[in-house]
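Structure at a glance
One-letter residues, chain by chain:
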Amino acid sequence: MESETGAPARPGEWRSGWPVVAAAMIGIGTGPGLFQNVSSLFIDGMTTSFGWSRGELATAAGLGLLGALAVPFLGRLADRAGARLVIIAAMLTLGIAYAGFAAQTGGLYQYQALVFLLSLTVAGTSAVVYGKLISARFERHRGIALGVATSGIAIASLALSPVIAWVVSSYGWRAGFATLGALVVFVALPLVLFLLRGAATAPTRPGPGNPNATVPVAGMTGAEARRDSRFWRLGLSAALVNVASVGLVTALVPFGQDRGLTLEQAALLVTAFAASQIVGRLLMGALVDRFRPQLMAAGFAGLSALAFIGLQMPEPGLPLLLLLVFAAGLMNGAEHDLLPFLTARLFGLRAYGESYGLLLAIALAGTATGVVTFGRLHDATGDYTAALFLAAGALALSALLFLTLRERPLPLVQAAAEPA
């Protein structure tokens, strides 16, 4: 089997690459995506403390996500300077953002600014940096390696949402933010650096003692990728998935409470969503290594669209509600594996950080749209029915777009090597 460097695919990919996958699981798992998945646990506390409406809070969060516009530039920095610098800066900044959330005094602009700061950390806590490190080490098992790595956020959400719910219930929402900050800075960051200690994360260049540092790499430049219509269709597909699924997850607890659930029962909906993230990532990762990824993406998106329709039943009961939330979240879980996988597959590794960074920024525009839309439609209509209908339509359209992403041969160029 030929790899993307033109050489035979390396044997023993997992034996040499598992520390990078483990570091990615921790770094991604404790990144801002974790807050996205547990943010609904903080809504009641903040709205009660400061008198904000759900729509106002959602709008502030959506506007704050404009910080994600910096992701492509930070991805380019990672391409040129290496991943470790971006990772350290991002995780420290995330800890500062959580400390700021805990210290809020009631101005809605403070929350918006802190979400902006939090969104600046996306590049260093996502597949923007970790996807390239993994793709450079995995060829035959790239899909499942990315699936395992990106499942970190789902595992963290599954394990930590009950813990954060207990902290918020027992000690208040400020303590919940402080707990998240301590986890990132004092637990996750040291573990990530330990696992990456033997793995070079910066590009190498030819020189004395390193004459073969330049190798052929298949891929487009960032400009070439942006001129390809598939690039924008892929970004729009990811944005539509996020409109639906992120809009839902950031409203899950109040959605459940509107259905008569207690806070603890509503937190189980977050757990169900997190479980779907694990299954979606791992199952999609295994499938795309064997079957056409575009078909797999369309199938998952269609299934999730049907689940959003099912969520509109007036009294489904807690067990069925958990199952529907699980199915609704499957495509979101799969998309986190699909986007880095298809970026590498369609556009190559030459400018992976830059290309994936822009695609992720487009996807995060969908995140902001979903957060604002679910909050504002609730304020306008008194429930989430209209938002759920919109989400189902967005997922159906994304399924159609995935089917249009045909693969083409990539140019082979001389580029700085990633370490073996």
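We now turn to the structure provided with this report. (Residues numbered from 1 in each chain as written. Predicted model: local features only at pLDDT ≥ 70, side-chain atom pairs only at ≥ 80, totals over all residues. Heavy atoms only, no water.)

1. Some details on the overall build of the protein
Check the secondary structure of the protein and you find 18 helices and 2 strands. Counting the 420 residues in the protein, one finds 59% classified as buried. Considering only residue pairs separated by 6 or more positions, the protein has 85% of its internal contacts joining residues 24 or more positions apart. About 15700 Å² of surface is accessible on the protein, with carbon and sulfur atoms providing 68% of the total. (Helix = DSSP H or I, 4+ residues; strand = E, 2+ residues; numbered from the N terminus. Buried < 20%, exposed > 50% of the residue type's maximum accessible area, 1.4 Å probe, protein only. Contact = heavy atoms within 4.5 Å. Areas by Shrake-Rupley, 256 points an atom, 1.4 Å probe, with all protein chains shown as cover.)

2. Here's the deal with the packing of aromatic side chains
Across all of its chains, the model carries 19 aromatic pairs by this definition. Considering the side-chain rings of Phe35 and Phe42, the 6.0 Å spacing of their centres and the 55° angle between planes classify their relative orientation as tilted. Exposure class is identical for Phe35 and Phe42. Each is buried. Plain terms: the ring middles of Trp166 and Tyr171 are 5.6 Å apart, the flat faces sit at 80° to each other, and that makes the pair edge-to-face. Judged by its relative accessible area of 58%, Tyr171 falls in the exposed class. A network of ring pairs unites the aromatic residues Phe35, Phe42, Phe50, Trp52, Tyr98, Phe101, Tyr111, Trp173 and Phe177 as a single cluster. Across from the ring centre of Phe194, 4.0 Å away, lies the NZ or CZ of Arg197, which sits over that ring. (Phe/Tyr/Trp six-rings, centres within 6.5 Å; stacked < 30°, edge-to-face > 60°. Lys NZ or Arg CZ within 6 Å of the ring centre and 35° of its normal.)

3. Considering the environment of Pro254
Summarising the element assignment, Pro254 is placed in helix H13 (residues 252-258). As for Pro254 and Tyr384, which are separated by 130 residues in sequence, their C-alpha atoms are 10.0 Å apart.

4. Brief notes about the nonpolar core
When a protein is soluble and globular, its nonpolar side chains tend to lie buried together. Judged by nonpolar contacts, the single largest core of 129 residues is most densely connected at Phe42, Tyr111, Phe308, Leu311 and Met331. Among the elements that make up this core, the one with the highest residue count is helix H16 (residues 318-347) (15 residues). Beyond its immediate sequence surroundings of up to four residues, Phe42 is in contact with Phe35, Ile164, Val168, Trp173, Gly176, Phe177 and Leu180. (Core = buried A, V, L, I, M, F, W, Y, C linked by side-chain atoms within 4.5 Å.)

Interpretation note: all reported values are geometric properties and have no functional meaning in isolation.
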